[in-house]
Each structure stands twice: as structure tokens, then as C-alpha cells.
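Each chain, written out:
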Number of protein chains: 4
Amino acid sequence: MLGKFNIRTDLALEAKESFEEDNVEIRGVRIHETEDEENEIHTTRVVIETENGAKAMGKPVGNYITMEAPHMSVPDEDYHREISRALSGHLKKLLGGEEQSVLVVGLGNREVTPDALGPYVVNNVNITRHMIKEYGKASVGGGKVNQISALVPGVMAQTGMETLEIIRGVVEETHPAVIIAVDALAARSTRRLNRTIQITDTGINPGSGVGNHRNGINKEVLGVPVIAIGVPTVVDAATIVNDTMESLVETMDKDENIRNLGGALGTLSKSEKHQMIRELISPHLNTMFVTPKDIDETMKRISYTISEGINLALKLS
Amino acid sequence: MLGKFNIRTDLALEAKESFEEDNVEIRGVRIHETEDEENEIHTTRVVIETENGAKAMGKPVGNYITMEAPHMSVPDEDYHREISRALSGHLKKLLGGEEQSVLVVGLGNREVTPDALGPYVVNNVNITRHMIKEYGKASVGGGKVNQISALVPGVMAQTGMETLEIIRGVVEETHPAVIIAVDALAARSTRRLNRTIQITDTGINPGSGVGNHRNGINKEVLGVPVIAIGVPTVVDAATIVNDTMESLVETMDKDENIRNLGGALGTLSKSEKHQMIRELISPHLNTMFVTPKDIDETMKRISYTISEGINLALKLS
Amino acid sequence: MLGKFNIRTDLALEAKESFEEDNVEIRGVRIHETEDEENEIHTTRVVIETENGAKAMGKPVGNYITMEAPHMSVPDEDYHREISRALSGHLKKLLGGEEQSVLVVGLGNREVTPDALGPYVVNNVNITRHMIKEYGKASVGGGKVNQISALVPGVMAQTGMETLEIIRGVVEETHPAVIIAVDALAARSTRRLNRTIQITDTGINPGSGVGNHRNGINKEVLGVPVIAIGVPTVVDAATIVNDTMESLVETMDKDENIRNLGGALGTLSKSEKHQMIRELISPHLNTMFVTPKDIDETMKRISYTISEGINLALKLS
Amino acid sequence: MLGKFNIRTDLALEAKESFEEDNVEIRGVRIHETEDEENEIHTTRVVIETENGAKAMGKPVGNYITMEAPHMSVPDEDYHREISRALSGHLKKLLGGEEQSVLVVGLGNREVTPDALGPYVVNNVNITRHMIKEYGKASVGGGKVNQISALVPGVMAQTGMETLEIIRGVVEETHPAVIIAVDALAARSTRRLNRTIQITDTGINPGSGVGNHRNGINKEVLGVPVIAIGVPTVVDAATIVNDTMESLVETMDKDENIRNLGGALGTLSKSEKHQMIRELISPHLNTMFVTPKDIDETMKRISYTISEGINLALKLS
């Protein structure tokens with residue numbers, strides 16, 4: 001039954017929670033949580049271990065690390081430095097410590113503020129490949145160094161090409177050993193917007209769906225590992241309607257005049273209600289997103305935090 | 001009863017419709033519609049004639065012209081030229097044909113795509129004031145010419161100042177005879193997004209509310225007439241929830257299992273439902289907006305169409 | 001002797017003039033000039049016919065069309081439309097009239113104003129490839145249509161990759177039939193800045209030099225024809241020093257006190273003087289460019305004129 | 001004689017050097033130099049004490065602190081933090097330690113890269129005025145806090161208004177106690193480009209000239225003290241021509257064939273040569289500037305360094 005609902009979230013953490021709400025247990029999925037109380041960073045590691053787990057979660061087998069930091073969109077430079085450091089720690093483990101060539105890809109649309117995370121991050125990544133190739137390692141400080149290149153492929157309306165076509169072409173020409181792809185995500189809960197970073201070694205897999213990684217930006221398609229860093233910056237229209245419905249149901253239980261109403265809706269599971277709402281909302285709402293009014297300030301801060309995390313992780317000596 | 005609901009729309013047209021839906025008649029408000037079939041531009045003129053009408057509509061006494069052009073966000077240069085021409089016709093009537101100094105103000109936030117309409121429009125307005133002051137009229141072609149200046153005041157998070165403080169300061173220093181203020185608006189219906197232009201001689205009156213024009217960008221506050229040009233580019237969160245509720249009610253009538261539900265909600269008027277939903281949605285949703293995913297393309301096109309309309313209207317000879 | 005001087009200009013027209021000044025005739029190079037008096041567009045076609053001509057000119061065999069329009073950087077929409085039309089005429093001849101897939105490449109650096117021509121032009125090109133691929137020709141109007149895609153590869157400091165690597169990768173993935181590459185050029189004369197468009201079927205050949213097209217963006221390297229559109233927006237430091245020296249020499253002849261000086265310099269040919277100056281200026285000046293202070297306004301206008309020319313040329317029916 | 005030459009530099013340090021080169025002593029001007037060897041920051045304090053000194057220097061009476069840091073345009077975050085700290089130290093002394101309202105003005109043109117320093121800096125300044133006014137001091141951390149606002153007035157071609165008109169209007173409306181104005185400067189030596197910060201308590205005084213502060217952004221005009229922070233990002237065309245002439249003269253002394261030439265030019269003083277060249281270069285060169293090709297990277301780094309310096313200086317507790 002679950003399979004038939006398309007739970008629209010890019011966060012593995014939320015996919016997991018959605019099962020918990022419906023009291024469904026999933027085999028093949030392991031979870032581990034840690035709390036950095038000093039820095040108020042809550043980290044959840046979701047490991048999808050089997051194809052079964054992947055099927056249930058609607059996400060490929062792999063590691064999904066979620067850092068939740070409530071003040072991430074607030075201006076506090078010291079706090080942001082801590083997040084950058086934690087992010088760099090996770091990246092370093094996934095990258096290994098060897099010298100290698102790394103292509104950082106900034107996905108999304110530079111011209112639409114909440115979708116500009118990738119391009120903004122790339123803007124502040126330290127690029128070294130051209131220096132090393134032309135002047136040797138000494139030109140970037142010497143010692144153990146990564147060859148870092150970067151790409152902002154743009155979106156289809158701007159290029160007429162699939163993002164994947166552009167990336168694949170560039171990968172075939174420049175042969176990076178690993179890709180770090182940065183993208184803005186959609187969350188299911190407004191509560192997580194702009195305060196969560198997901199790091200995964202499974203790449204970017206649009207539409208999710210097990211067994212269909214053909215259009216993903218991942219190792220299967222590109223031949224090199226893809227580490228994806230994502231921050232939920234928008235919420236689906238269906239999500240906020242759903243949140244309201246939840247409140248409605250709760251209110252109804254308390255209000256005598258409309259208690260019947262609560263009864264009828266109360267028999268639906270959370271996913272069913274979400275799905276029902278999705279069917280009700282007019283089709284053109286699917287082309288719309290919800291985002292905070294101060295998204296410009298938020299994007300500036302978070303993109304800087306992430307690029308610092310990447311720069312720290314890629315500095316070997 | 002109606003007065004107590006804050007129907008969140010910047011469009012006079014929608015305020016009017018909201019009464020019609022509830023079968024309420026308003027005195028002191030006149031409406032006139034015309035259809036340009038060849039160019040598919042539907043024009044509605046709402047005239048609020050009395051303080052009574054103003055109170056009911058939640059908007060000041062004055063003229064509100066709404067041009068609805070379904071293909072406004074579609075790329076078709078010839079069609080956009082027609083819209084520019086129609087807009088310039090309306091502006092010319094409001095401006096009169098005399099030489100004067102005109103300050104074009106681009107309101108909104110350049111860094112948040114759907115709020116960048118004002119700044120984008122100002123980008124393409126032909127500025128002449130400095131040329132005329134320094135080199136005389138001949139420098140801008142001679143004949144009858146307007147002295148055109150422009151201002152992009154930014155938003156409070158960027159400046160720490162009220163938009164009004166900045167505009168008032170500039171007006172007091174440079175003494176324009178009239179202001180044209182361009183702003184992105186919030187609509188109540190997603191149907192009107194990016195396909196409607198409202199022109200009004202009442203300026204910009206945030207929060208609306210009769211008798212409280214103190215914070216408005218209008219003649220009362222600034223001492224010079226303010227013509228406002230607005231395009232709805234975002235919708236309130238409450239609006240899309242409301243739209244879904246409507247669909248829900250309709251569906252329920254057809255679905256036996258949940259007919260009771262429809263009955264309960266059916267007794268509420270449209271505004272009551274809207275208000276109820278507004279109360280239910282969590283407070284932080286009020287800091288969120290809904291906008292189409294291709295808003296970047298749309299803003300580029302519409303802002304150009306409007307700046308061309310302004311340029312045409314301000315060219316006297 | 002001439003061969004040893006690296007006359008730094010991207011304009012074939014200026015390379016030609018430089019020989020004329022030294023009274024040198026070049027075989028294998030043909031020139032044809034036309035004047036559109038009504039629109040004040042002066043067009044020069046330089047045809048390099050032989051390898052000998054190519055060697056002398058420091059540019060590959062092929063066609064070089066130069067449109068000089070004195071008011072190109074001035075705001076006059078009607079005039080710009082005429083230039084767009086003339087440009088589109090030249091492009092159409094080079095493209096042929098058949099349906100094909102065209103990749104428009106915007107070279108240069110979006111973040112440095114006078115180098116942003118390419119990225120700015122691509123911003124306004126009508127992209128159709130993704131629409132045709134997904135929804136068929138009817139989605140873009142039907143009839144005979146080109147599949148248009150676009151790429152802004154960025155510069156090496158931003159990507160760590162050669163521009164050529166990125167373009168080659170994308171070409172190999174998406175197989176365009178022809179490339180239109182738009183780039184800002186360096187001129188030798190400040191007189192030509194921002195009022196000249198060069199169209200050539202030889203692509204972009206940095207550093208020029210016959211027999212060394214390996215790093216060019218041209219048919220030899222990419223396997224598809226490359227039409228290049230360029231506008232000189234900067235001048236080399238050496239150029240303006242040279243211009244001043246010229247004036248100095250002329251002044252000296254008239255001024256008794258320093259006539260000796262004129263005598264000594266007067267024995268040098270123009271290219272020799274230019275070369276001498278090039279050797280004298282400090283090496284870090286080679287990393288500098290000269291450009292007008294109002295380059296932002298100019299770039300906005302010219303890039304729009306060129307994108308309109310491209311759009312007209314690529315619209316088949 | 002010196003007075004008649006318009007030595008085009010915005011740096012007091014360079015004005016001083018120009019006298020030293022010609023072995024002229026100036027009364028009423030004091031100089032003090034310090035070296036921070038660890039951080040490689042060379043600081044020069046020029047104090048113009050009398051109207052006589054002001055006349056000779058072409059700059060108003062006041063303090064001019066110049067920080068020269070050779071690696072300022074190089075990417076090294078730690079090094080930049082040291083510069084920010086040193087800058088903040090100088091600012092703190094000029095600002096005093098009291099709570100006050102500070103208006104930060106970002107002068108220049110956001111759309112022309114080397115002129116965008118002011119707008120870029122403002123982008124990263126922590127704005128607090130609106131928060132304090134609306135929610136009290138606690139909203140920005142409490143304790144002793146400055147009310148910080150910011151303005152990017154744009155340039156005349158964009159606004160049709162004098163920068164001064166806009167600033168004066170805003171100052172009269174919002175009554176800041178002090179202004180910090182940030183601007184890109186013109187240097188006379190390419191050697192100082194993008195590695196020098198000048199801090200002065202005399203404001204911005206275009207065209208210099210003693211006794212003519214009417215168009216300046218200074219205390220005389222605005223009624224509040226103006227601290228100006230400037231970085232030379234461009235050089236005048238005349239300057240690079242002059243540098244080449246210098247090399248030419250030196251070369252000539254060594255080269256027998258053209259020794260005569262050296263003799264003739266050798267009799268001119270440095271300022272005379274500079275002036276002669278200025279007269280020779282064609283008038284339209286005065287509308288041109290010279291700047292490094294990697295100016296985009298440089299501007300990003302330096303603007304961030306300065307905004308951090310301002311943020312540190314304005315944080316009282």
C-alpha cells in the first residue's frame with residue numbers, strides 16, 4: 001500500500017519518519033542518532049542496507065547523514081563555523097584522505113533564489129585544478145592537494161539540455177575521481193526548511209524510485225562516486241495544505257459543531273490524507289513551491305557555510 | 001461581519017469578486033469591463049467612489065485598472081508589445097500630457113526572484129533627469145521631455161530603514177511632480193499570477209485599511225501623486241490551502257463515505273472558510289509565499305513589458 | 001619582419017589595416033566594403049583565401065564580416081533593431097536555411113562587465129531543444145524549427161577547466177550540427193570599442209597563429225562548424241600607450257624644443273613602435289585591460305541587439 | 001607650478017609621494033609609518049594639518065590612514081582576518097566607543113565590476129536599525145549596540161540623481177550620527193591596485209580641490225562626520241602611459257641609437273611628463289579606466305574583508 005503514495009521529500013530522514021507515523025517498520029534500514037549539545041547539532045544517520053529497504057524508502061541503498069541545526073539560517077558566524085566543521089568531517093570520511101581530482105557541481109537555477117544553493121556554493125569553492133595543471137602543486141601551497149574543478153550546469157529552460165548531459169560530457173572530458181553535487185531540496189515539513197543538511201553517498205536521484213537510477217546523477221550513470229549535499233529550501237504546496245488539514249482535524253475534535261468532520265477524516269492515515277490532498281489540489285499547483293520571505297538572507301548564509309565545509313574537507317595538508 | 005476578515009489580496013478586482021461570491025453588494029464602488037479580443041486583454045476598471053466603498057473594499061478611494069492577459073508570461077514579443085502599448089495608454093491618461101519630472105520607484109527585493117519586479121523594471125527605464133540638468137533638453141532628443149529619475153530603495157533587512165523613509169528623503173531633495181511605483185503583489189487566486197497588471201492612482205497602501213494611509217506610499221504621505229503599477233507574482237499560503245478546501249468540499253458531496261464532512265463545511269461562507277484556514281495554519285506560514293517554479297523567466301518578460309510601457313508613456317514627443 | 005610582431009587584435013579588419021599603414025600588400029586576402037547609408041552601418045568583408053594570407057594576417061583561412069555602427073552603444077531601439085536585422089542576415093547565410101540543432105555558446109566571464117557579452121547574450125536567446133525533444137515541434141510553434149541549446153562555460157578561474165574541455169564534452173553528448181560562439185574581443189583601436197560586430201566562420205582562435213588551431217573553438221577541434229560573433233569591448237594596455245606615442249611623435253615635429261625626439265622615433269614603423277612599447281610596459285600590465293566607464297549600459301544594449309539578431313536568424317518559419 | 005597639475009589620485013599617500021619625487025617639501029603635512037611585520041601590513045598615517053597643506057595636497061585637512069597589504073587580493077582567509085582586524089582597529093578609534101546610529105553607504109556602480117566595491121561591502125554588513133527600532137536592543141543581542149543602516153545610492157546613469165541628493169535626503173529622514181562611506185578609488189600606480197585600503201575622516205571629496213567641498217560627501221555638506229574607506233581598484237589611462245614613458249626614458253639612456261630622445265624627455269619633471277601625456281592622450285581616454293583581468297575574484301575577497309572589518313568595529317559588546 002505504501003508504494004502507491006509518492007511521499008514527496010528529498011530527505012531520507014523524513015521518508016523514515018513517515019513510516020514511523022503510520023507505525024510501519026521497515027527492514028533493511030538502520031538509524032543512528034547523535035546529539036552535539038554544545039553546538040546544538042542533531043545528527044541522524046540513515047543507512048539503507050538492502051534493496052527491500054530501498055524499495056520501502058523510495059531511495060537507493062546507501063548512507064544518508066542529516067545534520068539538523070536550528071540556528072543555521074540565523075546570522076552567527078561562530079555557530080556557522082561549527083556547522084562547516086561538522087560537515088567537513090562527514091565529507092572527509094566519504095572522500096577518503098587521498099589526493100584526487102574532485103568535481104563540485106552546483107545544481108539548480110541561479111536566477112530563482114531558493115533554487116540557487118548549488119550555484120552560490122560553487123561561487124565560494126576554492127578551485128585548484130587549472131593552477132596545478134599549469135604551474136604544479138606548489139602553486140596552490142604544495143604538499144598533498146586535491147585537483148578541484150567546478151561546474152554550474154544551469155537548468156533546462158536556460159540550456160535546452162538535460163543537466164545530466166552536461167555533467168556527463170564534462171566528466172568524460174576531465175575524468176574527476178569523485179563528484180560532490182550540491183542542490184536545494186524539497187522537504188515535507190516546513191519545520192526543517194533551511195536548518196537541515198543532508199549528505200549522502202548515493203548522489204542525486206530525482207523522482208526516487210528503486211531500480212530507476214538512469215536519470216540520476218550517481219555512480220551508476222556517471223561511473224564515478226557522487227556525494228550529494230542538500231538543504232531543503234522549499235516545501236511542496238501539498239505539504240502546507242496537509243499541515244493545515246492536520247490542524248483542522250485536531251480543531252474539529254474539540255469543536256462540537258464540526259466534530260463529524262473530524263470523525264470522517266480521522267479514519268485516514270497520515271499518508272492517505274496527504275495523498276488525498278495531493279489529488280485535490282489543482283494540477284498547476286504542482287508547478288509551485290513554498291518558501292520563506294527572507295530566503296535571500298538564508299541562502300547567502302547557508303551557501304557560505306557549505307562552501308566553507310567543502311573547502312575544509314578538500315584541504316588535505 | 002465582512003470587515004473583520006482580512007482578505008489578503010492586493011488586487012481591487014479580487015476584493016470585489018470576494019464580495020460577489022458572498023452575494024454582498026457594495027455601494028460606492030463602480031465597475032466597468034472591456035475586452036480587447038484581438039489582443040486577448042481583458043480590462044476591468046474598479047472605481048471606489050466613497051469612503052463607504054473604501055471601507056468595504058479595504059482600499060482607498062480611487063481608480064483601479066486591471067489588465068488581464070493570459071499569455072503575459074509566455075514568450076511572444078509581439079504580444080508583449082501590445083500589452084506595453086495598452087499599459088502606456090492607461091499611464092498617459094493618469095499622467096496628463098505635460099512635461100514634468102517623474103520619479104520611478106522600484107519596490108521590492110532584488111534578491112528574491114518573485115519580489116524583484118520593481119528593481120527589474122527600473123533597470124530598463126530610460127533615465128533622463130541628469131542629462132537634461134547637465135546638458136539641456138537637446139541631449140535627450142529635444143522637444144517636450146519628461147525629467148525621469150529612478151530609485152530602488154531595497155527592503156528593510158538590507159537597509160535597516162523603512163522604504164518610506166528613503167523615498168520621502170529623496171522626494172524632499174529632488175521634488176518630482178509625480179511618482180510611478182512598481183511592485184510585486186500578492187494575489188488571492190493562483191489563476192491571476194503573472195498574467196495581471198493593476199494600475200492605480202492611489203499609490204501603495206500596505207495592510208490596506210481605510211483611514212490608515214500613514215505608512216502608504218501615496219499622495220497623503222509624500223505630497224505628490226503616486227501611480228502604482230503592480231503584478232501579482234506570489235500567493236499567500238492561506239490561499240492555496242483554501243483552494244484545496246474548496247475542492248475538498250466539492251469532492252465530498254460526490255463521495256458517500258465522507259459526505260458528512262461536506263455538510264459541515266458547506267455552511268461556511270467563502271470568506272469564513274478562508275479565515276478559518278488562516279487561523280489554523282501555523283504562524284510561521286505567514287512568513288512564506290507560494291510562487292511558480294519558472295518565476296525567473298516570467299519576471300524577465302513581464303518586467304521588460306512594463307518598463308517598455310513606462311518608457312512609451314513618458315516619451316512625450 | 002612583420003611576422004615577429006604579435007599585433008594584438010581579434011579583429012581581422014584591424015590586422016588588415018595594420019599592413020596598410022606599413023604599406024605592405026598581402027596576397028591571398030580579399031576585401032569588400034559596403035555602406036548602408038540609411039542605417040549608418042559600414043560593412044567590411046575580409047576573405048582570407050590562402051594559407052599564405054592566413055600566415056600574414058595571423059588568422060585562419062575563412063570569412064570575416066565586420067559591421068561598424070557608430071551608434072551601437074547609444075540607446076535607440078529602432079536603430080538597434082536595424083543592426084539585429086543586418087546581423088541576422090549575415091548569420092542566415094552562414095547557417096543555411098535547413099532545420100538543424102544549434103548550440104549557442106556564451107564565452108567570457110559573467111562577473112567582469114566587459115567580458116560578460118557572451119553570458120548576457122545567451123540570457124536572451126530563445127531556447128527550444130528541450131521543448132522539441134519533450135513535446136515535439138508543435139510546442140514551439142511548429143513548421144520548420146531549429147533545436148536551440150545554449151551553454152555558458154565560465155572561465156578557468158571559476159571552473160578549473162579549460163573552456164574547450166567543457167564545450168567538447170557537451171558537444172560530444174548533445175551532437176549539435178553547428179555552434180554559434182559569442183565572445184567579447186580585444187581591439188587595437190579605442191575608436192572601434194563597442195561599435196563593431198565581427199562575424200566569422202572560422203570560430204574562436206585564441207593567440208591566433210597559423211597552423212596552431214589545437215586550442216581553438218573551431219571545426220578542426222570540435223568536428224562541427226563554429227560561427228563566432230564578437231564585439232571589441234576592451235583594448236590592450238599597449239594600445240593606448242601606443243596611441244599616445246603617436247600623438248607624442250606628431251607633437252614633437254611641431255615643437256622645436258623636443259624635435260630631436262620626434263626624429264629618433266620617426267624612423268620606426270608603426271608596428272615597431274607598438275612592439276617597442278609592448279616590451280617597455282611592465283609585465284603585470286599584460287594582465288590589465290582598458291574599458292569605458294559606462295561599459296554596463298553598453299553591454300546591456302549590445303548584448304540585447306546580438307541576441308535579437310541570433311533569435312531572428314534561428315527562426316526559420 | 002605644481003598646483004597647476006591635476007595629479008589624479010584618490011590616495012593621500014600617492015599625493016605625498018608625488019611631491020617627494022619632485023623633491024618638494026610640504027609644510028602642514030605630517031607622516032607616520034608603522035610596519036606589522038608578522039602580518040605584512042604597512043601602515044602610513046598622513047595628517048594634513050593646515051589649509052596650506054591641504055592646498056598643496058589637493059585634499060582636505062584631516063587624517064588619512066593607508067594600509068598596504070601585498071597579499072590582500074590573494075585567497076588566504078587567515079590573512080584576510082588580520083586585515084579585517086587592523087581595519088576595525090582604525091575605525092573604532094575614529095568612531096569612538098559610544099552607542100550610536102551609523103549609516104553605511106556603498107558608493108559606486110554595482111554593474112561595473114571594479115566600481116562595485118561599495119555595493120558589495122554593504123551586502124555583508126550586519127544591519128540592525130530596523131530590529132532595534134521594532135523589537136528593542138535584545139533582538140540583536142542586547143548590551144551596547146549600534147543602530148546600523150545601509151544605503152546603495154547607485155550612479156547617476158541609473159538614477160538620474162546626484163549621489164549626494166539621495167544621501168542627503170536619507171540622512172535628513174533618518175538622522176544617523178555618523179556615516180561610513182565605502183568606495184572604489186583610482187590610484188596613480190598600478191602597484192597599489194587592490195592591495196591598499198585608505199581610511200579617512202574627511203569623507204569623499206571628488207575632484208579634490210581645496211575650498212570646494214560643496215559636492216563632497218562630508219561633514220560640511222551633510223552635517224554629520226563621514227568616515228571614508230576606499231580601495232584603489234582602477235588606474236587612470238594617463239597613468240599607465242606615464243609608467244611606460246618612464247621605462248622608455250630609462251631604456252633610452254642605455255641605447256645608443258636613441259639616446260638623444262632620453263635627453264629631451266629627461267629634462268622634464270615627473271609631474272610635467274605626466275601632465276604632458278595627459279594632454280596628448282585623446283579626450284575619450286578620460287572616460288576609460290584600466291583594471292586587472294581577475295578583478296572579479298579580487299573584488300569578492302576585498303569587499304568581504306572590509307565588511308568584516310566594519311562589522312567588527314560596529315560590534316560594541
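Residues numbered from 1 in each chain as written. Chains lettered and ligands numbered in written order. Predicted model: local features only at pLDDT ≥ 70, side-chain atom pairs only at ≥ 80, totals over all residues. Heavy atoms only, no water.

(A) Broad picture of the overall build of chain A. Tallying secondary structure elements over chain A gives 12 helices and nine strands in all. Put simply, chain A has 317 residues, and 57% of those count as buried. Counting only contacts in chain A whose residues sit at least 6 apart along the sequence, the fraction spanning at least 24 positions is 72%. Summing over all exposed atoms, chain A offers an accessible surface of approximately 13,000 Å²; the carbon and sulfur share of this is 47%. (Helix = DSSP H or I, 4+ residues; strand = E, 2+ residues; numbered from the N terminus. Buried < 20%, exposed > 50% of the residue type's maximum accessible area, 1.4 Å probe, protein only. Contact = heavy atoms within 4.5 Å. Areas by Shrake-Rupley, 256 points an atom, 1.4 Å probe, with all protein chains shown as cover.)

(B) Highlighting the relation of the copies chain C and chain B. It takes a turn of 180 degrees to lay chain C on chain B, together with a shift of 0.0 Å along the axis; the resulting RMSD is 0.0 Å. Both copies are brought into coincidence by an operation consistent with a two-fold rotation axis. For chain C, the minimum C-alpha distance to the rotation axis belongs to Y304 of chain C and amounts to 6.0 Å. Interface overlap between copies is the fraction of interface residues in one copy that are interface residues in the other; for chain C against chain B it reaches 100%, indicating a shared surface. (Least-squares fit on C-alpha atoms with pLDDT ≥ 70 in both.)

(C) Just the interface of chain C and chain B, in detail. Taken together, the seven residues of chain C in the interface contact seven residues of chain B. Overall, the association of chain C and chain B removes approximately 530 Å² of surface from exposure, summing both partners, and the carbon and sulfur fraction of that is 25%. On the chain C side of the interface with chain B, the three residues burying the most area are E77, K300 and Y304 of chain C, jointly 57% of the side's total. Where chain C meets chain B, there are zero salt bridges. Elements supplying a minimum of two residues to the side of chain C that touches chain B: helix 3 (77–95) and helix 12 (295–314) of chain C. Among the elements that make up the side of chain C that touches chain B, the one with the highest residue count is helix 12 of chain C (three residues). (Buried area = accessible area lost by both parts, 1.4 Å probe. Salt bridge = Lys/Arg side-chain N within 4 Å of Asp/Glu carboxyl O.)

(D) Local environment of the pairing of strand 5 (residues 147–151) of chain C. Residue and element names in this part refer to chain C. Counting buried positions along strand 5 yields four of five residues, so the element is predominantly enclosed. Sheet topology note: the strand 4 (residues 101–106)/strand 5 ladder contains five bridges and is parallel. Counterpart to V104 in the pairing with strand 5 is A150. (Pairing = 2+ DSSP bridges.)

(E) Here's a closer look at the pairing of strand 8 (residues 226–236) of chain A. Residue and element names in this part refer to chain A. Of all 11 residues in strand 8, 11 are buried; the element is thus mostly enclosed. In this structure, strand 6 (residues 178–187) lies alongside strand 8, joined through nine bridges in parallel fashion. Pairing of A184 across the sheet is with V231, part of strand 8. With two bridges connecting them, strand 8 and strand 9 (residues 288–292) associate as antiparallel partners. Counted as the bridge partner of D236 is F289 from strand 9.

(F) Structural detail: the pattern of salt bridges. Residues and elements named next belong to chain C. Scanning the model with the defined rule gives 32 salt bridges over all chains in all. A salt bridge links R30 to E49, with the shortest nitrogen-to-oxygen separation between them at 2.8 Å. Taken as a pair, R30 in strand 1 (residues 29–36) and E49 in the loop between strand 2 (41–48) and helix 2 (51–57) lie far apart in primary sequence, 19 residues in all. Owing to a relative accessible area of 45%, R30 belongs among the partly exposed residues under this scheme.

(G) Seen up close, the packing of helix 3 (residues 77–95) of chain A against helix 12 (residues 295–314) of chain A. Residue and element names in this part refer to chain A. Interhelical geometry of helix 3 versus helix 12 gives an angle of 45 degrees and a closest axis separation of 7 Å. When the axis of helix 3 is compared with that of helix 12, the two are oblique. Handedness of the crossing formed by helix 3 with helix 12: right-handed. When helix 3 is examined against helix 12, the residues H80, I83, S84, R85, L87, S88, L91, K92 and L95 are found in contact with a partner set consisting of R301, T305, I306, E308, G309, I310, L312, A313 and L314. Residues of the contact of helix 3 with helix 12, tallied by class, amount to nine nonpolar, five polar and four charged. (Axes fitted to C-alpha atoms, helices over the stretch in contact; angles between N-to-C directions. Parallel < 35°, antiparallel > 145°, perpendicular 65-115°, else oblique. Left-handed = near helix turned anticlockwise from the far one by under 90°. Nonpolar A, V, L, I, M, F, W, Y, C, P; charged D, E, K, R; others polar.)

(H) Region of the structure containing a negative patch on the surface. On the surface, E33, E35, D36, E37, E38 and E40 of chain B cluster together into a negatively charged patch. Within the element layout of this structure, D36 of chain B appears in strand 1 (residues 29–36). (Patch = residues over 30% accessible without salt bridge, like charges linked within 9 Å, V, L, I, M, F, W, Y side chains within 5 Å. Lys, Arg positive; Asp, Glu negative; His and termini not counted. Charge placed at Lys NZ, Arg CZ, Asp CG, Glu CD.)

(I) Fine view of unusual backbone geometry. Residue and element names in this part refer to chain C. In this model, H175 sits at a positive phi of 50 degrees, which is unusual for a non-glycine residue. Looking at the secondary structure, you find H175 in the loop between helix 7 (163–174) and strand 6 (178–187). Positive phi, close to 60 degrees, is recorded for N194, a residue that is not glycine.

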